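Letter by letter, the chains look like this.
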Amino acid sequence: MVGRRALFAVPVLLTVTFGVFAVAAASPFDPVKAYTGTAGLTASQENLDQIRANLGVDEPLVTRWWNWLTSALQGDLGDSSVMRRPVADVVAERMGWSLLLAAAAFALAIVLGTALGVLAARRRGGLLDRAVSSLAYTLEAAPAFWLGLLAIWFFALELGVLPAGGLTDTASDTVTFGQVATHLVLPAAVLGISQLPWFFLYVRQGVGDALDEDPVRGARARGLSEGTVLVGHALRSGMLPMLTLIGSRVPELITGALLVETVFSWPGIAAATVQAATSVDFPLLAALTVLATAAVLLGNLLSDLLYGLADPRVGFDG
């Protein structure tokens with residue numbers, strides 16, 4: 001299955017990268033103006049044409065895409081016009097911070113969503129179930145950037161207990177573990193909470209249905225403790241539908257990370273994506289889009305593998 005998915009990913013990635021160049025070519029933004037900034041206002045047309053040639057944006061769409069693709073396959077992702085650095089260096093510098101934020105947020109969403117889902121499923125229709133379910137449906141409709149702005153207003157401005165953004169304190173010129181951990185709290189919490197409703201609702205439904213099944217009733221009849229019944233029987237059965245949710249939430253996680261990193265000035269990949277898009281930075285935009293697409297494909301593969309490993313009745317040959 002992994003081999004088939006890898007072969008399927010090749011045409012998908014090729015199509016995505018070509019689509020990026022096509023959309024960028026049709027964009028109203030001028031990469032030369034973005035590159036030169038205010039200096040371009042006084043530059044001669046000859047200099048602007050030379051810059052356009054140096055950036056390669058005067059070439060046909062297919063030529064630009066093919067040149068980038070052949071160079072990328074050789075390990076050369078090109079130079080970012082907006083960052084004024086090699087694309088590989090930009091990605092390597094920012095990838096770790098994005099992975100840290102996404103991992104912390106995903107872990108929070110899964111752990112907290114699972115715990116609340118089990119507690120709500122234990123007594124469906126109870127006070128906890130109604131309260132958390134109502135909150136989950138409300139959070140489903142709340143944009144991540146709105147939650148981020150609300151968190152900054154309350155925790156950073158009103159209470160002053162957490163920093164409003166960035167990676168380190170303003171007066172600090174070094175990156176320390178304590179500062180990164182403190183600055184990570186708000187963006188990770190906002191991104192995690194934006195993903196939490198789906199995990200909660202899936203676990204609640206799955207565990208609630210499992211509690212009504214005969215094997216769980218039999219476990220209770222044998223005198224097993226409620227904790228053993230919930231964790232050892234109902235949760236294991238009820239978690240199977242949630243495993244498929246992991247892969248489907250990756251695109252939403254990437255979109256949410258883009259908004260959260262922008263709101264909190266987190267120096268990750270998503271923030272660079274915004275700059276690349278607004279500046280029509282072809283090499284950087286293509287590389288970041290390939291990474292996002294690969295993450296979605298890997299997420300879907302991971303969810304299928306986890307489901308197959310958790311349920312022996314599911315094979316990997318289909």
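Everything below is about the structure shown above.
Read on for an overview of the structure. This is a predicted model, so every value here is computed, not measured. (Residues numbered from 1 in each chain as written. Predicted model: local features only at pLDDT ≥ 70, side-chain atom pairs only at ≥ 80, totals over all residues. Heavy atoms only, no water.)

Counted as a void, the largest pocket has a volume near 740 Å³. Around the largest pocket, the lining is made up of 28 residues, and of these L99, A102, V250, I254 and A295 lie nearest the centre. Those elements that place two or more of their residues in the lining of the largest pocket are α5 (87-122), α12 (250-263), α13 (269-278) and α14 (282-310). In terms of residue class, the lining of the largest pocket is built from 22 nonpolar, five polar and one charged. (1 Å grid on protein atoms, 1.4 Å probe; cavity = no way out; pocket = protein on both sides within 12 Å on 5 of 7 lines; lining within 4 Å. Points joined across faces, edges and corners; volume = space filled by probe spheres on them. Helix = DSSP H or I, 4+ residues; strand = E, 2+ residues; numbered from the N terminus. Nonpolar A, V, L, I, M, F, W, Y, C, P; charged D, E, K, R; others polar.)

You can see S80 is positioned in strand β1 (residues 79-80). Given a relative accessible area of 4%, S80 falls into the buried group. When sequence neighbours within four positions are dropped, the list of residues in contact with S80 reads R85, V87, D281 and L284. (Buried < 20%, exposed > 50% of the residue type's maximum accessible area, 1.4 Å probe, protein only. Contact = heavy atoms within 4.5 Å.)

Further remarks concern the packing of helix α1 (residues 2-26) against helix α4 (residues 61-73). Across the interface, α1 lies against α4 with an axial gap of 10 Å and an inter-helix angle of 135°. Taken together, the axes of α1 and α4 lie oblique to each other. Of the two possible hands of crossing, α1 and α4 adopt the one that is right-handed. Residues L14, T17, F18, F21, A22 and A25 of α1 lie in contact with α4, whose contacting residues are L61, V62, R64, W65, W68 and L69. Partitioned by chemical class, the residues of the contact of α1 with α4 number ten nonpolar, one polar and one charged. (Axes fitted to C-alpha atoms, helices over the stretch in contact; angles between N-to-C directions. Parallel < 35°, antiparallel > 145°, perpendicular 65-115°, else oblique. Left-handed = near helix turned anticlockwise from the far one by under 90°.)

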